[in-house]
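Letter by letter, the chains look like this.
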Amino acid sequence: MSLLELNGVNKIYNPGSAHAVHAVQNLDLSVEKGEIVALLGSSGCGKTSTLRMIAGFEEASSGQMAINSKEINRLPPAKRGVAMAFEGYSLYPPLSIRENIAFALKAEKMPATEVNKQVEAIAALLEISDFLDKRPNAISGGQQQRASLGRSLIRKADLHLLDEPMGQLEPQLRALLRGRIKHYIKQHNLTAILVTHDQTEANALADRIAVMEGGVLQQFDTPENLKNKPANIFTGAFIGEPPMNLFEAGAALNDTEIHLRLGDDVKLEFPKARFSPELIERVLTNKSVVVGIRPHSVHLAETGHPAEVYANQWLGDQTHVAARFAGKSIVSVAHDRVRCGPGEQVNVQINPEDLHIFDPATGAALSHGGVLA
Amino acid sequence: MDHTSLLERWLRRFALALIVTFFMFPIFWIVLMSLQTNETILRSPPSMAFVPTFDNYLAILAGRLDSNVASMGIDFLNNLMNSIILSVSSVAVALCLGVPAAYAFARHKFRGSEDIAFTLLSFRFAPPLLVLLPLTLYFQQIGLADTYLGLVWVYQLICLPLILWIVRGYFEDISPDIEYAYRIAGHSWFATFRKIALPLAGPGIAAAGLLAFIFAWNNFIFALVLASADKQPVTVGALAFVTASGIQYGQIAAAVVLSIAPTLALALWAQRYLVEGLSLGAVKG
């Protein structure tokens, strides 16, 4: 049995009024004990609403929520056994950072020496030892955010809810803390749900990522599967940096090859043998499809389809080349410097195992790398 | 302040001096008057040179008003006591009712909440006489006329909206997440209200209570109409100095000094809270 079960959960703000907002739609989600799950999406996608419903600050409009098989829909936040780190820090202003972090432990009547030991440990982990005795308004936003995170992580709760826990931190510190926090959560066998709009953070911390958009769960899978087997066009385009190249294409077949006709009369030809027969049948019945290729899989080579470069950026560890291709633009990522300036002609090579094919009507994935999704 | 020119600084000082003089002069003049006899007050041209006398204060404390025609008893100290009883209990009642209501209005948007809050505020707009005439009749019927209870009740028209609206703003300034953080750590909403919301809004509640106290203290018309002499506060009691044989300016001045002293002292003492109240915005996330 999962630790957290959400079944058909809906959240409608201002129901029945002209300003009704269906923030979370029919959400099913289950989180196992010891797992770190990220809710990933852009602003307004329903991820924070979901978190607040689990915490009990918002009431679910419909659907069931259960922690350890016990329904929590009607339980007050205090009875749900969850801890939370807030995006807005929300430390108690009159208390020092030390007292803030120790707050819940003191309420549990833990001996003072033990409390102190744990607070010192978590403060060292989060690099906030130096200002434990300051008040929240005397330290910076990033420091408050880490204190808020510490206040949540130190608790022995069934479920830890982390709302954008590292949004205010500078990149180096964020990278450092990601590793430490993940290790801490795993070491203490905690279960955590993390809300973020930063896919690097989600990838680094989470065992599984729930991608949300428009209140709808798009895909709930491991970071690897999100990258390699996106369930639909949205996840395909959302996950990955730079985003996936997408082209509408018409499909046709001859004896040996399958043809994908992109815009501007660009025709991608692949040997039929590289695709499973079921996929070929699906693609042909669909006639038009959406083809997606990750920028890392767009190779600039001696031979291939001609494209005209219009931008070339060296980022210090990889090159992003943007070129006009098939009436649209295509981005290629290489791990070395690529010497080609704007206006130059290059040849683009795309391998069949790197193709993601989507149904243009529903957006659902048909295949990844020649195999039916 | 380093970037202001000398001229600007002097102009600023001059403006401040002007404002302070404008507001402090009446108080200064009243204090001077309270130390003079009616004759020195009324001489023309007025002069600041006089022999101070405490006769006015003594007359008030003794409760005897001696004019050149006759002497009559006044009970100014009783009026002062009434003012204290009425203002303190009105503010206490208004705080007990208004603070939880303000919290509810700040945190829970329910159907019609804005309308109810505005209706309460609108009590402040209505001319008091509009309310007073029917109230006089009702109060006589149900036996509330000329009672402290009845007056405290009517004083809620002044205190309750004031406290409700000021305190509501302070509650709204507290990030709800601070309360959520406390609730999720295993506390009920009532504990959260007591331990988080009330202390954080404390300076604001003190400021609102102080303002309500001053408004209640300064009220004149409610007690004039609804109370008889033994329940009247200082504002109404001061009318007694307008006697058949003339107006006793010296004693009025002494009475005024005595009656503004408590509110003035309270305001000076509570200045700290008012300033703290204004810096509450720092709590916001």
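If you're wondering where the values come from, they're calculated on a predicted model, not measured in any experiment. (Residues numbered from 1 in each chain as written. Chains lettered and ligands numbered in written order. Predicted model: local features only at pLDDT ≥ 70, side-chain atom pairs only at ≥ 80, totals over all residues. Heavy atoms only, no water.)

Undergrad: Could you give an account of the environment of Arg43(B), naming the residues involved and the relevant values?
TA: Residue and element names in this part refer to chain B. Here Arg-43 shows up in the loop between α2 (38-42) and α3 (55-62). Separated by 46 residues in the primary sequence, Arg-43 and Ser-89 place their C-alpha atoms 43 Å from one another. Not counting the four nearest positions on each side in its chain, Arg-43 is found in contact with Gln-36, Ala-49 and Phe-50. Polar contacts involving the side chain of Arg-43 include one to the main-chain carbonyl oxygen of Thr-40, which spans 3.1 Å. (Helix = DSSP H or I, 4+ residues; strand = E, 2+ residues; numbered from the N terminus. Contact = heavy atoms within 4.5 Å. Polar contact = N/O pair within 3.5 Å; in protein donor to acceptor, adjacent residues only side chain to side chain.)

Undergrad: So, the domain arrangement of chain A: which residues are in play, and what are the values?
TA: Residue and element names in this part refer to chain A. Structurally, chain A comprises domain 1 (4-231) and domain 2 (245-372). Once you take the C-alpha centre of each, domain 1 and domain 2 turn out to be 39 Å apart. On the domain 2 side, the residues contacting the six residues of domain 1 number seven residues. In total, about 450 Å² of surface goes out of reach between domain 1 and domain 2, with carbon and sulfur atoms giving 54% of it. (Domains from an automatic or database assignment. Buried area = accessible area lost by both parts, 1.4 Å probe.)

Undergrad: So what's going on with the sheet that holds strand β18 (residues 328-334) of chain A? Residues and values would help.
TA: All names here are of chain A. A sheet is described by the order of its strands in space; here five strands give the open sequence β15-β19-β16-β17-β18, paired in antiparallel fashion. This sheet does not close on itself; its edge strands, each paired only once, are β15 (299-301) and β18. Averaged over all neighbouring strand pairs, the angle between strand axes comes to 50 degrees, with direction disregarded. Here strand β17 (residues 319-325) pairs with β18 via seven bridges, running antiparallel. (Pairing = 2+ DSSP bridges. Axes fitted to C-alpha atoms, helices over the stretch in contact; angles between N-to-C directions.)

Undergrad: Give a description of the state of the cysteines that names residues and reports values.
TA: Summed over the entire model, instances satisfying the criterion amount to zero disulfides over all chains. Its sulfur unpaired, Cys159(B) is 12 Å from the next cysteine sulfur, which belongs to Cys96(B). (Disulfide = S-S within 2.5 Å.)

Undergrad: Break down the pairing of strand β19 (residues 345-349) of chain A for me, with residues and values.
TA: All names here are of chain A. Here β19 shows a buried face lined by Val-346 and Val-348 and an unburied face lined by Gln-345, Asn-347 and Gln-349. One ladder, built from three bridges, connects β15 with β19; its direction is antiparallel. Counterpart to His-299 in the pairing with β19 is Gln-349. Sheet topology note: the strand β16 (residues 305-314)/β19 ladder contains four bridges and is antiparallel. Across the sheet, Ala-307 pairs through a bridge with Val-346, a residue of β19. (Buried < 20%, exposed > 50% of the residue type's maximum accessible area, 1.4 Å probe, protein only.)

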